Amino acid sequence: MLQPGHLRDVLEQFTFSSAVDVLLIAVLIYAALRLLSGTRAMTQLRGVIALFLVFVVLGRALDLVVINYLVEHSVTALLVGAVIIFQPEIRRALDRLGRTGLSGWFRTAEYGDVIDAVSRAAGRLSVAHHGAIIVIERETGLQDVIETGVPVDARVSPELLTSIFFPNSPLHDMAVVIRDQRVVAAGCVLPLASDPADRNLGTRHRAALGITEATDALAVVVSEETGEISVALNGRLTPVPDERRLRAVLEWVLEPQTAEPPPVAPTGARV
Ligand SMILES: Nc1ncnc2c1ncn2[C@@H]1O[C@H](COP(=O)(O)OP(=O)(O)OP(=O)(O)O)[C@@H](O)[C@H]1O
């Protein structure tokens, strides 16, 4: 229990450098939470922290010597483990920091041009029956998937997307990944959906489901066979009747603070 005398001692020892210390740690924790929020890594991290806290509380309350020893000596190992587990997210954050500086770190992503380009491109691809998968990266880094494809690194536009998916063009196979208003790569191989219920779908649709099961990315699929447009999100596929309604769905998912609810919700339910 903290005694009033202890509190006075702590306050007396609190100097300017202590304040800087606390501030830097707070910024670091904020940056880490911001980086991991909404990712699968965050769910895992929550589980690890909860388990760790249970051990700390039990160890202290019951004076468990071995548990207390392990807790005290596992912090360094946990930090090293976290760096290994979250390597893709950390790599992506450093990459973003290098490209955009601190302003890019604190800026929230802007999707206006992406929504416009993807919905217009999907509309044209749908009419032409040109098959396509367009993956929009959000918080979870997709570096592993990007590295399976061919680097493009060009500003997103409907013309670029429709020409990539033009049949027999060298990059029309597999998926395109968009990050920060740029088409970063094409020809990317996505993980296929794991749910046996999805086995009756073709591989293009299973690939779109697969990437959205594993991450918070959003994928737009155009079927070569039927020309139908679908949106995959959180491992669920929702058909979208046309370009206008695709735009509404994309706005609702990517810019929820300003958008109206779409006529077709991306969970499959009509609203
Ligand atoms: N792992 C993958 N990642 C990304 N794209 C993939 C993957 N596997 C297959 N594809 C794409 O899916 C195409 C094959 O689609 P397929 O006809 O099997 O599926 P589908 O869902 O029925 O699509 P469609 O309705 O367009 O015919 C491939 O040519 C390739 O472009």
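Quick caveat: nothing in here was measured; it's all calculated off a predicted structure.

**Some thoughts on the overall build of the protein**
The helix and strand tally for the protein stands at ten helices and seven strands. Relative to its full complement of 271 residues, the protein shows a buried share of 28%.

**Notes on the nonpolar core**
Within the largest apolar cluster, 51 residues are counted, with the highest numbers of intra-cluster contacts made by Val118, Ile134, Val135, Val176, Val177, Ile178 and Ala219. It is helix H6 (residues 112-128) that contributes the most residues to this core, seven residues altogether. Those residues in contact with Ile178, other than ones at most four positions away along the chain, are Val114, Ile134, Val135, Ile136, Glu137, Val156, Val183 and Val184.

**Topic: helix H10 (residues 243-254)**
Across its twelve residues, H10 extends 16 Å between first and last C-alpha, which sits within 8% of the 16 Å expected from 1.5 Å per residue. Within H10, burial applies to Leu246, Arg247, Val249, Leu250, Glu251 and Val253. Residues of H10 that are buried in the fold lie against H6, strand S5 (218-222), strand S6 (229-233) and strand S7 (236-240).

**Considering the site of the ligand**
Around the ligand sit 17 residues, and of these Gly202, Arg204, Ala207, Ser223 and Glu224 come closest. With four residues, helix H9 (residues 203-214) is the largest single contributor of residues to the shell around the ligand.

**Quick look at the sheet that holds S6**
Either a parallel or an antiparallel arrangement is found when strands of a sheet pair, and the pairing is made through backbone hydrogen bonds. On the basis of which strands lie adjacent, the open sheet formed by seven strands has the order S2-S4-S3-S1-S5-S6-S7 and mixed pairing. Lying at the two open borders of the sheet, with one neighbouring strand each, are strand S2 (150-155) and S7. Going across the sheet, the axis of each strand differs from the next one's by a mean of 25 degrees, ignoring polarity. Bridge analysis of strand S1 (residues 132-136) against strand S3 (residues 175-179) gives three bridges, and the strand direction is parallel. If you follow Val135 over to S3, its bridge partner there is Val177. Contacting S1, S3, S5 and S6, H6 crosses the sheet at an angle of about 20 degrees to S5.

**Section: H6**
End to end, H6 covers 25 Å across 17 residues, agreeing with the expected 24 Å (1.5 Å per residue, within 8%). Within H6, burial applies to Val114, Ile115, Ala117, Val118, Ser119, Ala121, Ala122, Leu125 and Ser126. On its buried side, H6 packs onto S1, helix H8 (158-164), S3, S5, S6 and H10.

**Description of the UniProt feature "transmembrane region" (unreviewed entry) in the protein**
Per the UniProt record, "transmembrane region" (unreviewed entry) is found at residues 14-33 and 45-61. Annotated as 100% helix and 0% strand, the span residues 45-61 places its first and last C-alpha atoms 24 Å apart.

**Here we look at the confidence of the model for the protein**
Residues with a pLDDT of 70 or more make up 83% of the protein, whose mean pLDDT is 85. Prediction confidence for the complex, expressed as pTM and ipTM, is 0.69 and 0.97 respectively.

**Details of unusual backbone geometry**
Look at Asp63: it is not a glycine, yet its phi comes out positive at around 55 degrees. Note on Asp63: 9 C-beta atoms within 10 Å, which makes it exposed. Phi at Met174 is positive, roughly 65 degrees, even though this residue is not glycine. According to the C-beta neighbour criterion, Met174 is partly exposed, with 19 such atoms within 10 Å.

**Focus on the environment of Arg155**
Note on placement: Arg155 falls in strand S2. Taking C-alpha positions, Arg155 is 9.7 Å from Arg179, a pair spaced 24 residues apart along the chain.

**Things to note about the environment of Tyr69**
Tracing the backbone shows Tyr69 in helix H4 (residues 65-85). In this structure the C-alpha to C-alpha distance between Tyr69 and Gly59, which are ten residues apart in sequence, comes to 9.0 Å.

**Observations regarding the environment of Ala208**
Along the polypeptide, Ala208 turns up in helix H9. Taking the C-beta count within 10 Å as the criterion, Ala208 has 30 such neighbours and is therefore assigned buried. Residues Ala208 and Leu190 lie 18 residues apart in sequence; the distance between their C-alpha atoms is 7.3 Å. Leaving out residues up to four positions away in the same chain, Ala208 has contacts with Ile133, Ala219, Val221, Ala232 and Leu237.

**Side note on the pairing of S3**
A regular strand carries its side chains on alternate faces of the sheet. Most of S3 sits out of view: five of its five residues are buried. Of the two faces of S3, both are covered, the one formed by Ala175, Val177 and Arg179 as well as the one formed by Val176 and Ile178. With four bridges joining them, S3 and strand S4 (residues 182-188) adopt antiparallel strand pairing. Bridge pairing in S4 places Val177 opposite Ala185. Here S3 folds back onto S4, and the loop between the two strands holds two residues, one of which, Asp180, carries a positive phi near 50 degrees.

Conventions we followed
- Residues numbered from 1 in each chain as written.
- Predicted model: local features only at pLDDT ≥ 70, side-chain atom pairs only at ≥ 80, totals over all residues.
- Helix = DSSP H or I, 4+ residues; strand = E, 2+ residues; numbered from the N terminus.
- Buried ≥ 20, exposed ≤ 12 C-beta atoms within 10 Å, placed from the backbone.
- Core = buried A, V, L, I, M, F, W, Y, C linked by C-beta atoms within 7 Å.
- Contact = placed C-beta atoms within 7 Å.
- Expected span 1.5 Å × (residues − 1).
- Near = placed C-beta within 6 Å.
- Pairing = 2+ DSSP bridges.
- Axes fitted to C-alpha atoms, helices over the stretch in contact; angles between N-to-C directions.
- UniProt positions renumbered as here; feature names shortened; annotations may be inferred.
- pLDDT = per-residue confidence, 0-100.

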